[in-house]
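# Summary of structural features
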Amino acid sequence: MEPAVRAVTVGRPAWARWSGPVQAVLCTAAAMGGALLYGRFFADTGFLAPLSAAALTGSATAALAGLLRWGPYRTLLLATAGFVLLAGFGVLRGTLEHGLPTRQTAVELARGVFGGWTRMLAVAPPADVRAELLVTPVLLTWAAAFGATTLALRTRSVFAPVVPALVAFVAALLFVGRRPGIQTTAAAVFLVAAFSLVLVRTAAAAGQPRRVTTSRLGFGGPVVVVVALLGVLGGLVLPLASDDQRFDPRAVMSPPVRVTDAITPLARLKSQLREEPPRRLFTVRFAGDARVDRIRVAALDEFDGVTWTQSDRYLVAGHHLPVDPALTRSRTVSARITVEGLDGPFLPAVGWPVRLDNTADVGFSSASGVLLTTRAALDGFTYTVAGEVADRDAGLAGAAPSTAPEHRDHASLSGRPSPVLTAAARQLTATEPTPYGKLVAIERYLRGLPYQLDVPPGHSYAALTTMLRGSGEGYAEQRASAFAVLARALGFPARVAVGYRLPDSGAGAHAVTTREAHAWAEVHFAGYGWVAFEPTGTRSGAPSPAQDPAAAPQPQDPLAVPPSIADRSEVAARQPDRGVPVPRGVALGALAVAVLALLLATSVLTAKAVRRRRRRRTGGTATRVLGAWREATDRLLERGVPVSAALTATEVAERATGALRVAAAPVVRLAPLATAAVYAPEEPDEHAVEEAWELEFRLRRELYPRRFLPRRLAAGLDPRPLLAGWREARRTRRNDWGKR
């Protein structure tokens, strides 16, 4: 006696009841993926609470509007009201009075909605978590969660709900700009949530029994994890993952802080040194026992053969400042600086500034580490700055000069340098095997030249050539410029720094005057950042303790010959041994192949799901019975059973029995139903449709009794049923055209 066939309801399956809430949760998670990206924009985690609230309330508001079945106008009104309440009471709390919004609340909210993005692009990340900077991220996160949930609950498109979250994710990437590092957590959360949402919606659209849906989700879950993993790994090797390859809107916008002083600080050095009596400029008080021997004011990185200038773009400074990514071997020095007679716009700083307590009217360049102010008068301006300082220790002997793209322009000379300069650079460094040794050789030579302040000012190629070919007399302006030019002639990333020397004093406070005005050269090293070199001696030719970097507490005298290491003749190739690297082209090619394979697999699975749903729900009862039969023959094709349109249903059942034995029993029982659907004078009833699809499901279970069988995975990715269906449809169209 044959087992009875269990009837299956054609309507919405019971498991679909949880589909809506699950999709809403996934929409919230996808919106939070974009919100987590702002961890690279803000200095601390204070942004997480308002952005998490935006994602949760945005999704909940959309779910409420869907539950009430509101139309588009009332839904839009609810969304606007929800965002205004969240922004007013959750973000702009400082503008409330007695817990109620004020006129200032409305003004700040309007500024944040319409101009918040410009404020975000005007600051130098990492930015302080301030209300005026939070409005735009909250708005984007709210819109992403609300839009995604609305589309998930009100549309049948599989991919539509992913679009709002994707737009918010891309917008967050633009605000982050070229901040170093990969936000793996944000990328993983977004990818897992987005692909899981697509998977759930695909399963829900198929309208299959709970067991089929569970199997489909069980198969799709690992695929989602693999796709997310490949996406995160792709972020590590793709060109866009490198901060220098990313697009930053700040690079094309007008800088919010501009330098109006056209005179290079290097040209004012001599006039400061000649001031009598010396003028007091500022006072430095160090915190603790940390000390430095110099304070930098400006960094000049462009040289046209005549004048050193700076090419920085300055953004609004926050309390936390972006650190040089190459600076990993450093110590932190904090100083309290009070400005008295210093002319702007540049501000004294210690090393590479990373923290600043007084940010009023202060700008910062993340490319050079220079601070400036737009204040007209600086007298009495006081601030505390903490900076990272790289000492010239024994590790520099084996360090490599930076070859990062942002420093390539600092490693070459523009214009037409004199052959005397390039020949001098090669001659001075011919016997030194290491990069640091070559730079110390140049430093030692220039320090040995006679110091003379009464020479004509200027630091052009011609002035430097005259100094090196003549008596060698000069002062800090020529010495610093000569060192930077000779270093660049050898391919080292070098610049000229202008600032002030600090007298060697046991006290923690220093009163800096015009007499301490100075210039020196800096070279960028991997791990050390900009390292100072002192090419200027004293009037007698011997270095003074204040000018000599070796006078500071350091493990190694910088003028001593460094330890010998393996010879590296080309600066561009001077990198630490990190093993055999994988060629970038090979990595990109492998990633492209993996992404293409995933796209093909996803396309096959989606096409099969859509076709199965259409066969089960579209047409009359006879058409739906034949749809179950065609699905069964597709499963046979996937198992290698030859099936063609020329065979009858009975012949197909016989072939299946010969190939699959007992597993073909559902096909044998389904064949008469398919034959009756074609030849019977009356349409089959709904019971026949239910029985046909139940038999098709039993065939799947007989063929693949285990959910995660590798053979089942291969069958799901097998494109042969799709190709056979497309060929049959093309033949049908041709026959219909021939009959015309």
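So, how was this worked out
Residues numbered from 1 in each chain as written. Predicted model: local features only at pLDDT ≥ 70, side-chain atom pairs only at ≥ 80, totals over all residues. Heavy atoms only, no water. Helix = DSSP H or I, 4+ residues; strand = E, 2+ residues; numbered from the N terminus. Buried < 20%, exposed > 50% of the residue type's maximum accessible area, 1.4 Å probe, protein only. Contact = heavy atoms within 4.5 Å. Areas by Shrake-Rupley, 256 points an atom, 1.4 Å probe, with all protein chains shown as cover. Pairing = 2+ DSSP bridges. Core = buried A, V, L, I, M, F, W, Y, C linked by side-chain atoms within 4.5 Å. Axes fitted to C-alpha atoms, helices over the stretch in contact; angles between N-to-C directions. Parallel < 35°, antiparallel > 145°, perpendicular 65-115°, else oblique. Nonpolar A, V, L, I, M, F, W, Y, C, P; charged D, E, K, R; others polar. Left-handed = near helix turned anticlockwise from the far one by under 90°. Salt bridge = Lys/Arg side-chain N within 4 Å of Asp/Glu carboxyl O. Phe/Tyr/Trp six-rings, centres within 6.5 Å; stacked < 30°, edge-to-face > 60°. Patch = residues over 30% accessible without salt bridge, like charges linked within 9 Å, V, L, I, M, F, W, Y side chains within 5 Å. Polar contact = N/O pair within 3.5 Å; in protein donor to acceptor, adjacent residues only side chain to side chain.

Let us look at the overall build of the protein chain. The secondary structure content of the protein chain amounts to 20 helices and 15 strands. In the protein chain, buried positions account for 49% of the 740 residues. Counting only contacts in the protein chain whose residues sit at least 6 apart along the sequence, the fraction spanning at least 24 positions is 77%. Carbon together with sulfur atoms contributes 60% to the accessible area of the protein chain, which is approximately 34500 Å² in total.

Time to look at the sheet that holds strand β9 (residues 362–365). A sheet is described by the order of its strands in space; here 4 strands give the open sequence β5-β9-β10-β7, paired in antiparallel fashion. Here the strands that pair on one side only, and so sit at the sheet edges, are β5 (315–316) and β7 (346–347). Both β5 and β9 contribute to a ladder of 2 bridges, which runs antiparallel. Paired with Val316 across the strands is Gly363, a residue of β9.

Moving on: the nonpolar core. Among the nonpolar cores identified, the biggest contains 91 residues, and Phe282, Val350, Leu371, Phe483, Phe525 and Phe533 are the most heavily contacted of them. Of the residues forming this core, the biggest block, 8 residues, is contributed by helix α13 (residues 476–489). Each residue touching Leu371, except ones within four places of it in the same chain, is listed here: Val297, Leu321, Pro345, Phe346, Leu347, Ala349, Pro353, Leu356, Val362, Gly363, Phe364 and Val385. If you look at the next biggest cluster of nonpolar residues, it comprises 53 residues, including Ala54, Val176, Leu197 and Ala228.

Turning to the packing of helix α4 (residues 103–122) against helix α5 (residues 131–154), a few remarks are in order. Look at α4 against α5: their axes get within 7 Å of each other, and the N-to-C directions meet at 95 degrees. Classified by the angle their axes make, α4 and α5 are roughly perpendicular. Residues Leu109, Gly112, Val113, Gly116, Trp117, Arg119 and Met120 of α4 touch α5, and the partners they reach there are Glu132, Leu133, Val135, Thr136, Pro137 and Leu139. Considering only residue class, the contact of α4 with α5 consists of 8 nonpolar, 3 polar and 2 charged.

So, on to the sheet that holds strand β13 (residues 509–513). As summarised here, the arrangement of the 5 strands in space is β8-β11-β6-β1-β13, forming an open sheet in which the pairing is antiparallel. Single-partner strands in this sheet number two, and they are β8 (352–356) and β13. Neighbour-to-neighbour, the strand axes of this sheet turn through a mean angle of 30 degrees, independent of strand direction. With 4 bridges joining them, β8 and strand β11 (residues 382–389) adopt antiparallel strand pairing.

Let's shift gears to the packing of helix α1 (residues 19–36) against helix α2 (residues 48–67). Here α1 crosses α2 at 150 degrees, and the two axes come no closer than 9 Å. In terms of orientation, α1 and α2 fall into the roughly antiparallel class. With respect to the hand of their crossing, α1 and α2 are arranged in right-handed fashion. Listed contacts from α2 to Ala24, Thr28, Ala31, Met32, Ala35 and Leu36 of α1 are Leu48, Leu51, Ser52, Ala55, Leu56 and Ser59. Across the contact of α1 with α2, the residue classes break down as 9 nonpolar, 3 polar and no charged.

This next bit is on the pattern of salt bridges. Tallying each qualifying case throughout the model produces 30 salt bridges. With a closest N to O distance of 2.8 Å, Asp634 and Arg611 form a salt bridge. You can see Asp634 sitting in helix α15 (residues 621–638) and its partner Arg611 sitting in helix α14 (residues 584–617), a full 23 residues away along the chain. Salt-bridge contacts for Arg720 lead to Asp718; the nearest nitrogen and oxygen are separated by 2.7 Å.

Turning our eyes to something else, we now look at the packing of aromatic side chains. The way to describe two aromatic rings as a pair is by their centre distance and the angle between their planes. Applying the stated criterion across every chain, the model contains 11 aromatic pairs. Where Phe282 meets Tyr500, the ring centres are 5.5 Å apart and the plane angle is 80 degrees; that geometry is what we call edge-to-face. Note that Phe282 is positioned in strand β1 (residues 280–286) and Tyr500 in strand β12 (residues 494–501), a separation of 218 residues in sequence. Overall, the relative accessible area of 0% leaves Phe282 in the buried class. Classification of Tyr500 as buried rests on a relative accessible area of 6%. Where Tyr436 meets Phe533, the ring centres are 6.1 Å apart and the plane angle is 50 degrees; that geometry is what we call tilted.

Across the 7 residues of strand β2 (residues 294–300), 7 count as buried, placing the element largely inside the fold. Pairing analysis gives 6 bridges linking β2 to β12, with the strands arranged antiparallel. Its bridge partner being in β12, Arg296 is matched across the sheet by Gly499.

With that settled, consider a nonpolar patch on the surface. A cluster of nonpolar residues, Leu166, Val170, Leu174, Phe247 and Val252, forms a patch on the protein surface that exposes about 450 Å² of accessible area. Within the fold, Phe247 resides in the loop between α8 (210–237) and α9 (269–273).

Looking at the element boundaries, Thr61 is found in helix α2. Within the structure, Thr61 has its side chain in polar contact with the backbone oxygen of Thr57 (distance 2.6 Å).

Following Pro125, the chain continues into Pro126 via a peptide bond in cis, with omega recorded as 5 degrees. Turning to its location among the elements, Pro126 is positioned in the loop between α4 and α5. Residue Pro277 is reached from Glu276 by a cis peptide bond, and omega for that bond is -5 degrees. A positive phi angle, near 55 degrees, is found at Arg69, a position not held by glycine. Relative to the helices and strands, Arg69 is located in the loop between α2 and α3 (72–91). Residue Arg69 is classed as exposed on the basis of its relative accessible area of 74%. Despite not being glycine, His98 shows a phi value in the positive range, around 60 degrees. Summarising the element assignment, His98 is placed in the loop between α3 and α4.

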